[in-house]
Amino acid sequence: MKFKGVLLACSSGALWALSGIMGQILFEEYLVSPEWLVSVRLLSAGVLLTGLTLLQEKGRRKRKKFTPRDFVGLLLFSLIGMLGVQYTYFKAIQYSGAAIATILQFTGPIFIFLFLVANKEKRLNFFEFVLMAATFIGVFFIVMEGGTASLSLSTMGFFMGIASAVTLAFYTIQPRLLLIKYGEMRIAGLGMLIAGLAFQLIHPVWRPDFQMDRYSVGLVISIIIFGTALPFLFQLSSLRFIEASLASVLTVTEPILATILSVLLFNSQFAGMQVVGFGLVLFSVIFLTRLSDKNEQPKEERID
């Protein structure tokens, strides 16, 4: 069963990477705003997953109803986790490109780890402290191109990238009990639907701000299905079989694939120290979350 969780987590990372690349194409070639893309992405994927959930539950005599406390948890997951990680990630892509945005978001497991430490679920030892320090040094190299003369990223690009990491941590940790009680597809679908409806107040889907053609519409549809509905469902489903920390680190396929595709498709060039920074972030987070996985005790929240 663990292999199934690993496969789901890796697949979600690969699909997110493709989503980021497609989003960058829309931003650069069609001048699509992140606000409209997030709006149509969340609402459409939410309708799709919620519809599939209703079809699955059709014929069942009883369907679990949300308690007031669980409904509040669903709202928090939708508006802070789902909407937050979507919006900040695409804004980071707009300002810094898909490769750097995904690397910054990949620091999310650091914030998961810090939460577990603050919640007294684990203790921070010296080796883990060194790995965390290496991660932040890696981010420093990425942002500063290895030097201190000037920032290679805009302030907004860096802020949105780190914000996407924080909201990713929240998205991963907060809904664990909801997933157990109500199921992944139901929670993911309702989370996207609520977030998408809320975002209509910011940018309605019926007000596209770009020239539509078959190529751009195809990219949008691909982002909705393969870059939103499927990877979010895969990532949430993986939590049934593996721990949250391991699920997060296995999405390493996202920054690696996004970086490779950015070089191939956009001729992106990175300074030598930025490459070193990428490596520090990837390897430090991987080792840190593997250590966290060994010490994690979520048995009361596991299904298998």
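The structure contained in this document is the topic of the report that follows.

Examining the overall build of the protein chain
A tally of helices and strands in the protein chain yields 13 helices and zero strands. Moving toward the C terminus, one meets the helices and strands of the protein chain in the order α-α-α-α-α-α-α-α-α-α-α-α-α. Scored against the burial criterion, the 304 residues of the protein chain give a buried share of 55%. A separation threshold of at least 6 residues defines the contact pool for the protein chain, and within that pool the share at least 24 residues apart is 88%. In the form shown here, the protein chain has an accessible surface area of approximately 14,200 Å², with 67% of it arising from carbon and sulfur atoms.

Description of the nonpolar core
Of all hydrophobic cores here, the largest spans 55 residues; its most connected members are Leu-26, Val-32, Leu-37, Met-82 and Phe-90. No other element matches the nine residues that helix H3 (residues 68-96) contributes to this core. The contacts of Phe-90, once residues within four sequence positions are left out, are Ser-19, Gly-23, Phe-27, Pro-34, Leu-37, Val-38, Arg-41 and Ile-223. Grouped together as the second largest cluster of nonpolar side chains are 17 residues, Phe-106, Ile-110, Val-139 and Leu-288 included.

Comments concerning helix H4 (residues 98-105)
Within H4, eight of the eight residues are buried, which leaves the element mostly enclosed by the surrounding structure. Turning to H4, its buried residues number three or more, namely Ala-98, Ala-99, Ile-100, Ala-101, Thr-102, Ile-103, Leu-104 and Gln-105.

Notes on the pattern of salt bridges
Applying the stated criterion across every chain, the model contains two salt bridges. Lys-91 is the salt-bridge partner of Glu-35, the closest N and O atoms lying 3.3 Å from each other. Here Glu-35, found in helix H2 (residues 34-57), pairs with Lys-91, found in helix H3; they are 56 residues apart in sequence, far enough to count as distant. Given the relative accessible area of 9%, Lys-91 is considered buried. The salt bridge involving Asp-70 is made with Lys-181; its shortest N-O contact spans 2.6 Å. Separated by 111 residues along the polypeptide, Asp-70 in helix H3 and Lys-181 in helix H8 (residues 176-182) bring together distant segments of the chain. Take Lys-181: its relative accessible area is 37%, and that puts it in the partly exposed class.

Digging into the packing of aromatic side chains
Note on aromatic pairs: each is described by the distance of the centres and the angle between the planes. A full pass over the atoms with the stated rule returns seven aromatic pairs. Ring plane angle 90 degrees and centroid distance 6.0 Å describe the contact between Phe-27 and Phe-90, whose orientation is recorded as edge-to-face. Note that Phe-27 is positioned in helix H1 (residues 2-29) and Phe-90 in helix H3, a separation of 63 residues in sequence. Given a relative accessible area of 0%, Phe-90 falls into the buried group. Arranged with centres 5.0 Å apart and planes meeting at 65 degrees, the rings of Trp-36 and Phe-210 form a pair that is edge-to-face.

Points about the environment of Val-263
Mapped onto the secondary structure, Val-263 falls in helix H12 (residues 253-266). With sequence-adjacent residues up to four places away left out, Val-263 is seen in contact with Ser-268 and Phe-270.

Some remarks on H1
Over its 28 residues, H1 runs 41 Å from end to end, which matches the ideal 40 Å to within 8%, given 1.5 Å per residue. Count one or two residues on from H1 and you reach Leu-31, which has phi positive near 55 degrees.

So, a nonpolar patch on the surface
Together, Leu-48, Leu-52, Leu-55, Met-212, Val-217, Ile-221, Ile-225 and Phe-226 line one region of the surface with nonpolar side chains, adding up to about 670 Å² of accessible area. Put simply, the parts of the chain that give the nonpolar patch at least two residues each are H2 and helix H10 (214-238). For the nonpolar patch, the element with the highest residue contribution is H10, accounting for four residues.

Some words on unusual backbone geometry
Notably, Leu-31 is not glycine yet its phi reads approximately 55 degrees, a positive angle. Tracing the backbone shows Leu-31 in the loop between H1 and H2. Judged by its relative accessible area of 65%, Leu-31 falls in the exposed class.

Quick word on the packing of H4 against H12
Running from N to C, H4 and H12 point in directions that differ by 165 degrees, and their axes come no closer than 8 Å. Taken as axis vectors, H4 and H12 run roughly antiparallel relative to one another. You can see that H4 and H12 cross each other, and the crossing is left-handed. Mapping the contact onto sequence places Ala-98, Ala-99, Thr-102, Ile-103 and Gln-105 in H4 and Glu-254, Pro-255, Ala-258, Thr-259 and Ser-262 in H12. Of the residues in the contact of H4 with H12, the class split is five nonpolar, four polar and one charged.

The rules behind each value
- Residues numbered from 1 in each chain as written.
- Predicted model: local features only at pLDDT ≥ 70, side-chain atom pairs only at ≥ 80, totals over all residues.
- Heavy atoms only, no water.
- Helix = DSSP H or I, 4+ residues; strand = E, 2+ residues; numbered from the N terminus.
- Buried < 20%, exposed > 50% of the residue type's maximum accessible area, 1.4 Å probe, protein only.
- Contact = heavy atoms within 4.5 Å.
- Areas by Shrake-Rupley, 256 points an atom, 1.4 Å probe, with all protein chains shown as cover.
- Core = buried A, V, L, I, M, F, W, Y, C linked by side-chain atoms within 4.5 Å.
- Salt bridge = Lys/Arg side-chain N within 4 Å of Asp/Glu carboxyl O.
- Phe/Tyr/Trp six-rings, centres within 6.5 Å; stacked < 30°, edge-to-face > 60°.
- Expected span 1.5 Å × (residues − 1).
- Patch = residues over 30% accessible without salt bridge, like charges linked within 9 Å, V, L, I, M, F, W, Y side chains within 5 Å.
- Axes fitted to C-alpha atoms, helices over the stretch in contact; angles between N-to-C directions.
- Parallel < 35°, antiparallel > 145°, perpendicular 65-115°, else oblique.
- Left-handed = near helix turned anticlockwise from the far one by under 90°.
- Nonpolar A, V, L, I, M, F, W, Y, C, P; charged D, E, K, R; others polar.

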